[in-house]
There are 2 protein chains.
Amino acid sequence: MGTPLGSGTRTPEDDRTARVALMRMAEAGDPVMGRLIAWCGPQQALEQVSRESLDPDFATKENELAERSGRRSDLARLVTAWAARYGDPEADLALGRERGARLIVPGDSEWPTQLDDLGDARPFGLWLDGQANLRFACLRSVSIVGARAATPYGVQVAAQLGSELSIRGWTVVSGGAYGIDAAAHRGALAGGSPTVVTLACGVDECYPRAHEDLFRVVRSQGVVVSEWPPGAHPTRPRFLVRNRVIAALSRGTIVVQAAVRSGALNTATHAAGLNRHLMAVPGPITAVTSEGCHMLIRSGKAVCVTSHEEVIDLVGSIGADLAPERRGPVRPRDELNDETRRVLEAVPARGGAGPAVIAVAAGVDLTTAIGCLGGLAAAGFVEPVTRGWRLRRQADLQGRGDHAR
Amino acid sequence: MGTPLGSGTRTPEDDRTARVALMRMAEAGDPVMGRLIAWCGPQQALEQVSRESLDPDFATKENELAERSGRRSDLARLVTAWAARYGDPEADLALGRERGARLIVPGDSEWPTQLDDLGDARPFGLWLDGQANLRFACLRSVSIVGARAATPYGVQVAAQLGSELSIRGWTVVSGGAYGIDAAAHRGALAGGSPTVVTLACGVDECYPRAHEDLFRVVRSQGVVVSEWPPGAHPTRPRFLVRNRVIAALSRGTIVVQAAVRSGALNTATHAAGLNRHLMAVPGPITAVTSEGCHMLIRSGKAVCVTSHEEVIDLVGSIGADLAPERRGPVRPRDELNDETRRVLEAVPARGGAGPAVIAVAAGVDLTTAIGCLGGLAAAGFVEPVTRGWRLRRQADLQGRGDHAR
C-alpha cells in the first residue's frame, strides 16, 4: 500500500489523536473528510483511510452526491492522497506541547460551537496558543478584515473600530496580516479585551515575520488559532480556507478596505453564506482601496457602517441568526435553570472571579460552572474580565432587579 | 381696503401678468395659493385676493382641509398678508426685460412639466436668464447638491461627476452655492452640456457675489432659474423653498457631501418625496462632511453611488417613476406618430439643426417641431447640441436601422 503507516499506530488511542492525524492527511475544510468523520467518527475514518478502503455505504453516498451535483467522483484518488500524507500524530502532539500550543476538537469545552455552522467544512480540530479561552472570547466577537495594502485612512479606521469594540467587551477576530488586520488587532489590544489571530500556518510560525511582537502580545491577551499543525507553513490556498474560520468564529464581519478582488471579500462571502452580519466601511470613491466595500454596500450584501455603535447595534441585536438561544439579549432570570441561576448568583458585580471560585460558591462542579458561564455570557448576563468573570451592568440592573422583587 | 391696488390694474390683462403679481404676493410654493390658482385661474385669484374676498366655496374647502389635518385655518390672515404685498406686475415685467430675464409659466413650451409633480407647491412661474431652453435641458438632468463647506475630496468628486455626466449629455442642476454646487456647475460647463443654476434670489442678483463669473458662463451655456422676481434678495427660508425645485427639475439628486443637518439633506428629502432617484456619494467616515451621505445610505433612502456610470445606470433606467412615457429609453420608431416620425427624419446625425430648419424639413410648424423634439429627446432619439438638435448615436443605430429594413 506504500503508506508510512506502521501497525503500532494503525489504531489511534482516541478520537483526539485520530483527528491530529486526519488534519495532516486531508486539506483543512475538505467536506468529504468532514462527512467521513461525521459518518463513522475520527478513529474509524483514520483506519479506513489508512487501509485505503472506505465503508462501501459511505462511498456509495459520496458517489451519489457527486453525481447529483454534476461532478466526477474522485473519491479513490482522494483517499490515496490522504493515505500518502499520513504522519505520526504523536509527533505533532509532542511538537505542540513543546511549542506551548494546545489542541481543541469538537466537543471540548473550549470548542466554539458556532463553527458547527460550517457544516461539512467544519475544522477537524484547532491548534491554539494564547491565554484567552477561544470559546468565551468569541461569544461576543466581531471580525475585522481588509486589505494588506491599506491606506492611512483604513489603518486609522481599523484601529479605531478595534479599540472601541474591545473597550466595550467585544473580541476582535482577524487574520494577523499586514494593514487592516494588524491595525484591528492592535486597536483591540489597546482596548483591553482578547483578540483572536487566525493564521494560515502553525500557531508557532510567525507570518508575516514582522508581526512577531504583535503575536506575542496577542498570545498574552488573546489567542492565536490555526487548523494546521505546529511548524506548518502558509500557502496561498490556506489563506482562503482560513477565511471561513474568521467568518464563522464571530457574529459579524466588517470589511474596512478591500479592492474588488481580494481575500477580504472572500471572507465577506463566507460571512454572508453563514448568515453572519456583513458590514463594510465606506471610504473615498477616489481610492481603489474602498471599491470592494462600496461594491458590497451597493449590492446590498453588506450594511454600511461608520462607527462602532452602528456595529454593536447590528451584531448585538435581538434575533441574530446565530443560535439566538445562546446569543440573545439579556433574558429575565426566571428563564434560567436552577444550576445556571446559582452560578449567576455567584458572579461578582465588581472585580471578577475565576470559574473555580464561582463553581465553589455556586455549589456546582468546575465543568458545569464553565458551561453555565458561557451560556450566561452569551445571554448577556456576565462578561469575561482579566480576573475571570463579572456581572454585566445591564444584567446587574435587570437580573438582580428581578431578584429583589 | 387699504391695498395699493389701483382700479386700472384690478383686472390684469392675462394670466401671465396675474401670475407675476401673485409671485410677489404669496410665498413661493405656498400650497394655499397653489390651490387657489388651480381653483379659479390666476386672474380670478388675483382679483379675489385684491378684494380680500375669496370664493366662499374655496374658503370652505380650505377650512375643511385645515380641520382634517388638525391645523387652525388662517386663511383670512393669509389673504390680508397677500393683499398687502401687492406690487405692480408691469414693473417686474419691465425690470425683467431690462435685465434680460424671461418669464415662463405653466403651459408655456419651455415650462418643465415635471414640476407638476410638486402639486400644490408647483411654482407659480419661473424667471429665467440664459441661452438654454429649461425644458429641453432638464429632460435628461441630474441634480448634484452638497455642503458649502466642502472638502477638497468633495469638490473633486462633484466636479468629476458634473463633467462626466455633462460629457454624456446630462444636464446638471444645482443651487449655485459655494462648495459642492459650484464644483458641480463648473464640471458640467467643462463637459459641454447646459447646466441649471436654481437661485433663491432674482436671476439678475448674484448670490454668492463671488460667483458672478460662474453665473455669467452658465447664462451663456445653460440657464439661471428663480421663483423670485428680478431684484429679489435671498433669505434663509427661500433657500429651503428653492430646494424643492432643484429636486423636481431633475430625474434624480446626488448628495456629494452633507452634514447630518443641512440644506442638501432638505433637497434629498424633496427628491425622495417626489419619487426621484436619490443617490449619495460615500466618503471617509472620519469626516463629518460625509455623515449626511452615510446616513442616507444606511437608512436605505439613498443609493450609494461611486461613479457617473452608476448614476446613469440609475437615472437612465427603464421604469423611472417620472412619467415613463416621456422619459423611457429609446423606443422603436414604429411607435412614433406620423408627425414625430417626420421630425425625427429631419434631424441630422452630425452637426446639428435648429428647430426652425427641422420644422421646414419635416413640413410641420415650429411649435409642433419643438414639441416633437422634446418628446424625441425624452425618448432618447435626439439630443440637444450647441447648434440645435442631432440624432443620438443609439437612435442612429436603432431608429435608422429599423427604417432601412
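Each value, and the rule that gives it
- Residues numbered from 1 in each chain as written.
- Chains lettered and ligands numbered in written order.
- Predicted model: local features only at pLDDT ≥ 70, side-chain atom pairs only at ≥ 80, totals over all residues.
- Heavy atoms only, no water.
- Pairing = 2+ DSSP bridges.
- Helix = DSSP H or I, 4+ residues; strand = E, 2+ residues; numbered from the N terminus.
- Least-squares fit on C-alpha atoms with pLDDT ≥ 70 in both.
- pLDDT = per-residue confidence, 0-100.
- Contact = heavy atoms within 4.5 Å.
- Axes fitted to C-alpha atoms, helices over the stretch in contact; angles between N-to-C directions.
- Buried < 20%, exposed > 50% of the residue type's maximum accessible area, 1.4 Å probe, protein only.
- Parallel < 35°, antiparallel > 145°, perpendicular 65-115°, else oblique.
- Nonpolar A, V, L, I, M, F, W, Y, C, P; charged D, E, K, R; others polar.
- Buried area = accessible area lost by both parts, 1.4 Å probe.
- Salt bridge = Lys/Arg side-chain N within 4 Å of Asp/Glu carboxyl O.
- Polar contact = N/O pair within 3.5 Å; in protein donor to acceptor, adjacent residues only side chain to side chain.
- Phe/Tyr/Trp six-rings, centres within 6.5 Å; stacked < 30°, edge-to-face > 60°.
- Patch = residues over 30% accessible without salt bridge, like charges linked within 9 Å, V, L, I, M, F, W, Y side chains within 5 Å.
- Areas by Shrake-Rupley, 256 points an atom, 1.4 Å probe, with all protein chains shown as cover.
- Lys, Arg positive; Asp, Glu negative; His and termini not counted.
- Charge placed at Lys NZ, Arg CZ, Asp CG, Glu CD.
- Core = buried A, V, L, I, M, F, W, Y, C linked by side-chain atoms within 4.5 Å.
- Left-handed = near helix turned anticlockwise from the far one by under 90°.

S.K.: Any details on the sheet that holds strand β6 (residues 223-226) of chain B? Residues and values, ideally.
M.R.: Residues and elements named next belong to chain B. Sheet architecture is open: nine strands sit in the order β1-β2-β6-β5-β4-β3-β7-β8-β9, paired in mixed fashion. Only two strands of the sheet have a single neighbouring strand rather than two, namely β1 (102-104) and β9 (303-304). Pairing of strand β2 (residues 126-129) with β6 involves three bridges; the strand directions are antiparallel. Of the residues in β6, the one forming a bridge with W127 is S226.

S.K.: I'd like a rundown of the relation of the copies chain A and chain B, residues and numbers included.
M.R.: Taken as rigid bodies, chain A and chain B are interconverted by a rotation of 180° and an axial shift of 0.0 Å, the fit giving an RMSD of 0.1 Å. When the rotation and shift are considered jointly, the pair of chain copies conforms to a two-fold rotation axis. Closest approach to the rotation axis among the C-alpha atoms of chain A is made by G283(A), whose C-alpha sits 2.2 Å away.

S.K.: Hey, could you go over the confidence of the model for chain A for me, with residue numbers and the actual values?
M.R.: Atomic detail in the predicted coordinates should be set aside for any region of low pLDDT. Residue and element names in this part refer to chain A. In the predicted model, chain A carries a mean pLDDT of 87, and the fraction of residues at 70 or more is 88%. Contacts from residues 1-12, a stretch scored under 50 in pLDDT, to residues over four places away or in other chains number 18 contacts. Contacts for the low-pLDDT stretch residues 318-331, under 50 throughout, to residues beyond four places or in other chains number 31 contacts.

S.K.: So what about the pairing of strand β11 (residues 388-391) of chain A? Which residues, and what values?
M.R.: All names here are of chain A. Examined bridge by bridge, strand β10 (residues 382-385) and β11 share four bridges and lie antiparallel to one another. Looking at β11, one finds that P384 is bridged to W389. The hairpin turn running from β10 into β11, its antiparallel successor, is two residues long.

S.K.: Summarise the sheet that holds strand β5 (residues 195-199) of chain A; cite the residues concerned and give the values.
M.R.: All names here are of chain A. Strand order in this open sheet of nine strands is β1-β2-β6-β5-β4-β3-β7-β8-β9, and the pairing throughout is mixed. Among the strands making up the open sheet, the edge pair consists of β1 (102-104) and β9 (303-304). On the sheet, helix α10 (residues 236-249) packs against β3 (141-145), β4 (171-174), β5 and β7 (252-255) and is oriented at approximately 160° with respect to β5. Lying on the sheet, helix α12 (residues 291-298) is in contact with β7, β8 (277-280) and β9; it crosses β8 at an angle near 130°.

S.K.: Talk me through the environment of R390(A); I want residue IDs and the actual numbers.
M.R.: Residue and element names in this part refer to chain A. Residue placement: R390 occurs in strand β11. Accessibility expressed as a relative area gives 30% for R390, which makes it partly exposed. Placed 43 residues apart in sequence, R390 and V347 show a C-alpha to C-alpha distance of 5.5 Å. Not counting the four nearest positions on each side in its chain, R390 is found in contact with V347, P348, A349, G351, G352, V382, E383 and V385.

S.K.: I'd like a rundown of the packing of helix α1 (residues 15-25) of chain A against helix α5 (residues 89-99) of chain A, residues and numbers included.
M.R.: The relative placement of two packed helices is expressed as an angle between their axes plus a distance between the axes. Residues and elements named next belong to chain A. Contact pair α1 / α5: the axes reach a minimum separation of 8 Å and the direction vectors enclose 100°. When the axis of α1 is compared with that of α5, the two are roughly perpendicular. Of α5, the residues touching α1 (which contributes T17, V20, A21 and R24) are P89, E90, D92 and L93. Residues of the contact of α1 with α5, tallied by class, amount to four nonpolar, one polar and three charged.

S.K.: Report on the interface of chain A and chain B, specifying residues and quantitative values.
M.R.: Each side of the interface is counted separately: chain A has 17 residues, and chain B has 17 residues. Summed over the three residues of chain A that lose the most area to chain B, namely I285(A), R298(A) and T306(A), the buried surface amounts to 41% of that side. Seen at the junction of chain A and chain B, the total is two salt bridges. Between chain A and chain B we count six residue pairs in polar contact (both at pLDDT 80 or more) in total. Listing elements by their share of the side of chain A that touches chain B, those giving two or more residues are α7 (152-167), α12 and β9 of chain A. Taken together, the residues of the side of chain A that touches chain B break down into 10 nonpolar, five polar and two charged.

S.K.: Lay out the packing of aromatic side chains in plain terms, naming residues and giving numbers.
M.R.: All names here are of chain A. This model, assessed by the stated rule, comprises six aromatic pairs over all chains. With 5.7 Å between their ring centres and 50° between their planes, Y207 and F239 make a pair best called tilted. With a gap of 32 residues between them, Y207 in the loop between β5 and α9 (212-221) and F239 in helix α10 connect regions that are remote in the sequence. Assessed through its relative accessible area of 43%, Y207 is described here as partly exposed. Looking at F239, the relative accessible area reads 25%, which means it is partly exposed.

S.K.: So what about the side chain of R35(B)? Which residues, and what values?
M.R.: Relative to the elements of secondary structure, R35(B) occurs in helix α2 (residues 31-50). In this structure, R35(B) is in contact with F58(B), E62(B), L65(B), R71(B) and D120(B), ignoring residues within four places of it in sequence.

S.K.: Run through a negative patch on the surface, naming residues and quoting values.
M.R.: Residue and element names in this part refer to chain A. Negative charge collects at one region of the surface, where D14, D15, D88 and E90 lie side by side. Take E90: it is sitting in helix α5. We classify E90 as partly exposed; its relative accessible area is 40%.

S.K.: Summarise the pattern of salt bridges; cite the residues concerned and give the values.
M.R.: All names here are of chain A. Counting across every chain of the model gives 35 salt bridges over all chains. R77 is the partner of D74 in a salt bridge, and the nearest nitrogen-oxygen pair spans 3.0 Å. Given a relative accessible area of 57%, R77 falls into the exposed group. For the salt bridge of E110 with R102, the shortest nitrogen-to-oxygen distance reads 2.7 Å. Residue classification places E110 among the buried positions, given a relative accessible area of 11%. Given the relative accessible area of 26%, R102 is considered partly exposed. Connected through salt bridges with shared partners, the residues R35, E62 and D120 form a single ionic network.

S.K.: So what about the environment of P31(A)? Which residues, and what values?
M.R.: All names here are of chain A. As for its placement among the helices and strands, P31 is situated in helix α2 (residues 31-50). According to the relative accessible area criterion, P31 is partly exposed, its value standing at 36%. P31 sits 89 residues away from D120 along the chain, and the two C-alpha atoms are 4.7 Å apart.

S.K.: So what about the nonpolar core? Which residues, and what values?
M.R.: With 67 residues, the main nonpolar core has L134(A), V255(A), L134(B), V196(B) and V255(B) as its most contacted residues. With near-sequence residues (within four places) excluded, V255(B) lies in contact with V145(B), A264(B), L265(B), A268(B), L278(B), M279(B), A280(B), V281(B), C293(B) and L296(B). One finds L36(A), I37(A), F124(A) and L199(A) within the second-largest nonpolar core, a separate group that totals 41 residues.

S.K.: So what about the packing of α2(A) against helix α4 (residues 75-84) of chain A? Which residues, and what values?
M.R.: All names here are of chain A. Two elements in contact, α2 and α4, have axes whose closest approach is 14 Å; the angle formed by their N-to-C orientations is 50°. Compared by their axis directions, α2 and α4 come out oblique. The interaxial crossing formed by α2 with α4 has right-handed handedness. Residues V32, M33, L36 and V49 of α2 touch α4, and the partners they reach there are L75, L78, V79, W82 and A83. A class-by-class count of the residues in the contact of α2 with α4 yields nine nonpolar, no polar and no charged.

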